[in-house]
Amino acid sequence: GGVPARAATSTSSFQDLNQQQITEAMGVGYNLGNSLEANDAGTPNETAWGNPKLTEQFVLAAKSAGFQSIRIPVSYLNKIDDNNGYQIDSAWLDRVQEVVDYAYDNGMYVILNTHHDNTANIEGEGGYYPDTAHAEESDRYIRGIWTQVAERFKDYDEHLIFESLNEPRLAGTDYEWNFNAGVAECKDAAGSINRLNQLFVDTVRATGGNNVERYLMMPGYDASLAGAITDLYQLPNDIVSDKLIVSVHAYTPYNFALRPGSESEATDYFSWEDPKSVYEINDLMNSLYNKFVSKEIPVVIGEYGAVNRDNNTQDRVDYYAYYTAAARANGITCCVWDNGSFTDGETFGILRRRVNKWFFEETIEAMMKYS
């Protein structure tokens, strides 16, 4: 059975928060990683990447640890019926709503996005690709997905935030993870992302209800720092003022936080007293503060974190303490990435999902204390 439709609430229950209020209210954030965006060859499947089905208990474990915001990555791809007016599979959309409600009904802020649908195989899977050549398909994806998602959630209050895209990039090219503002392809991609973000804002606003003044969040190229601070990144025009949030992902410093252990530059060492450890973090936060926060444009670091390297727990505690303190000092909200993985691939796991127990509790305590 589907989720019963939420009773329409009057728009008067919607609170109009400014930049400082929304940043404060969102507090410390957490990601439900590798769940609703997990997929098997383009078909979204919540358990495809080894995690159990999400439960309200799991979300409540995050809330009781002190997290005030939950980011929910969601993939659509093969859950879209292209022959039927781009309809999202109703059971999938019901499940997305059910997971949103686990957090929303418990008073948490929720960031809901589209994730992993950036595909070079756009003709085969739907999705989008941020270049001029794929403008038509990409526009159809943004308009189609966000019309339906926004319509479904239009009566939710300011606790729900929509995020347009996840790490939009020229997948499968030399520039996939290397934005270069001087290169024609990257300029075209940045312009395409601006266009898709504008279409996202226009599409959501057009559905009415609380969507007219809801906070909307959007990345630049790769959701990277470089993609956001380039002059090529433009925030959309909006019918309301001051309701757009800049989205950035920053696994910084890369050598400690994310670089594969097989590469010689990778390090398991971090100290907040060491200039080399903290330089990249300071540069990140200062850049975002100067370009956006100082101009009263909110910034959310939607993903950050550090992989477990042979249980270098104290180094990660120091990292989380410094990172969250630096973000908070610059008026920035952060959402830690947890993909539920403790042994394989990128080991960002913090909460053991099958038992709802924190495995690296010290890292959580550092986040809470220093943010």
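Residues numbered from 1 in each chain as written. Predicted model: local features only at pLDDT ≥ 70, side-chain atom pairs only at ≥ 80, totals over all residues. Heavy atoms only, no water.

### Looking at the overall build of the protein
- Counting its regular elements, the protein contains eleven helices and 14 strands.
- For the protein, whose C-alpha radius of gyration is 19 Å, the value lies close to the compact-globule estimate of 21 Å for 371 residues.
- Expressed along its principal axes, the backbone C-alpha trace of the protein runs to roughly 55 × 50 × 40 Å.
- The contacts of the protein with a sequence gap of at least 6 include a subset with a gap of at least 24, amounting to 75%.
- Summing over all exposed atoms, the protein offers an accessible surface of approximately 14,900 Å²; the carbon and sulfur share of this is 46%. (Helix = DSSP H or I, 4+ residues; strand = E, 2+ residues; numbered from the N terminus. Rg over C-alpha atoms; globule rule 2.2 N^0.38 Å. Contact = heavy atoms within 4.5 Å. Areas by Shrake-Rupley, 256 points an atom, 1.4 Å probe, with all protein chains shown as cover.)

### As for helix α3 (residues 90-104)
- A rise of 1.5 Å per residue sets the reference length of α3, with its 15 residues, at 21 Å; its end C-alpha atoms lie 20 Å apart and thus fit the reference within 8%.
- Listed in full, the buried residues belonging to α3 are W92, L93, D94, R95, V96, Q97, V99, V100, D101, Y102, A103 and Y104. (Expected span 1.5 Å × (residues − 1). Buried < 20%, exposed > 50% of the residue type's maximum accessible area, 1.4 Å probe, protein only.)

### Some remarks on the pattern of salt bridges
- Within this structure, the stated rule accounts for 13 salt bridges.
- R95 is paired through a salt bridge with E98; the nearest N and O atoms lie 3.3 Å apart. Of the two residues, R95 and E98 are both situated in helix α3; the distance of three residues between them amounts to about one turn of the helix.
- Classification of R95 by relative accessible area gives buried; the value is 8%. (Salt bridge = Lys/Arg side-chain N within 4 Å of Asp/Glu carboxyl O.)

### A short note on the packing of aromatic side chains
- All told, the structure shown has 24 aromatic pairs when counted by the stated rule.
- Measuring from centroid to centroid gives 5.2 Å for W146 and F162, while their planes differ by 50°, and the two rings are tilted. Of the two residues, W146 sits in helix α5 (residues 135-152) while F162 sits in strand β8 (residues 160-163), which places them 16 residues apart along the sequence.
- Aromatic rings pair up to connect Y104, W146, F153, Y156, F162 and F200 into one cluster. (Phe/Tyr/Trp six-rings, centres within 6.5 Å; stacked < 30°, edge-to-face > 60°.)

### Topic: helix α10 (residues 313-329)
- Taking 1.5 Å per residue, 17 residues should reach 24 Å; α10 reaches 24 Å between its end C-alpha atoms and fits that length.
- The buried fraction of α10 amounts to twelve of the 17 residues, a majority that puts the element mostly inside the structure.
- At its buried positions, α10 is contacted by α8 (254-257), α9 (275-291), β11 (299-304), β12 (333-336) and α11 (361-370).
- Looking one or two residues beyond α10, the residue adopting positive phi is G331, at roughly 70°.

### Some points on the packing of α10 against α11
- Contact geometry for α10 and α11: axes closest at 8 Å, N-to-C directions at 20°. Judged by the inter-axis angle, α10 sits roughly parallel to α11. By crossing handedness, the relation of α10 to α11 is classed as right-handed. Across the interface between the two elements, T313, R316, V317, Y320, A321, T324 and A325 from α10 touch E362, T363, A366, M367 and Y370 from α11. (Axes fitted to C-alpha atoms, helices over the stretch in contact; angles between N-to-C directions. Parallel < 35°, antiparallel > 145°, perpendicular 65-115°, else oblique. Left-handed = near helix turned anticlockwise from the far one by under 90°.)

### So, the side chain of S341
- Among the structural elements, S341 can be located in the loop between β12 and β13 (351-352).
- Looking at S341, the relative accessible area reads 14%, which means it is buried.
- A distance of 2.5 Å separates the side chain of S341 from the backbone oxygen of D344, its partner in a polar contact.
- Those residues in contact with S341 that sit more than four places away from it in its chain are E346, T347, F348 and G349. (Polar contact = N/O pair within 3.5 Å; in protein donor to acceptor, adjacent residues only side chain to side chain.)

### Examining the nonpolar core
- In terms of nonpolar packing, the biggest core is built from 92 residues, with Y76 and F162 touching the most fellow members.
- For F162, the contacting residues outside a window of four places in its chain are L112, W146, V149, A150, F153, F200, V204, N211, R214, Y215, L216 and M217.
- Membership of the second largest hydrophobic core comes to eleven residues, among which are L17, Y109, I161 and I245. (Core = buried A, V, L, I, M, F, W, Y, C linked by side-chain atoms within 4.5 Å.)

### Digging into the sheet that holds strand β1 (residues 28-31)
- Pairing within the closed barrel is parallel, and its eight strands lie in the order β1-β4-β7-β8-β9-β10-β11-β12. For this sheet the average axis-to-axis angle between neighbouring strands, irrespective of direction, equals 25°.
- Across three bridges, the pairing between β1 and β12 is parallel. Note that in β12 the partner of V28 across the bridge is C334. (Pairing = 2+ DSSP bridges.)

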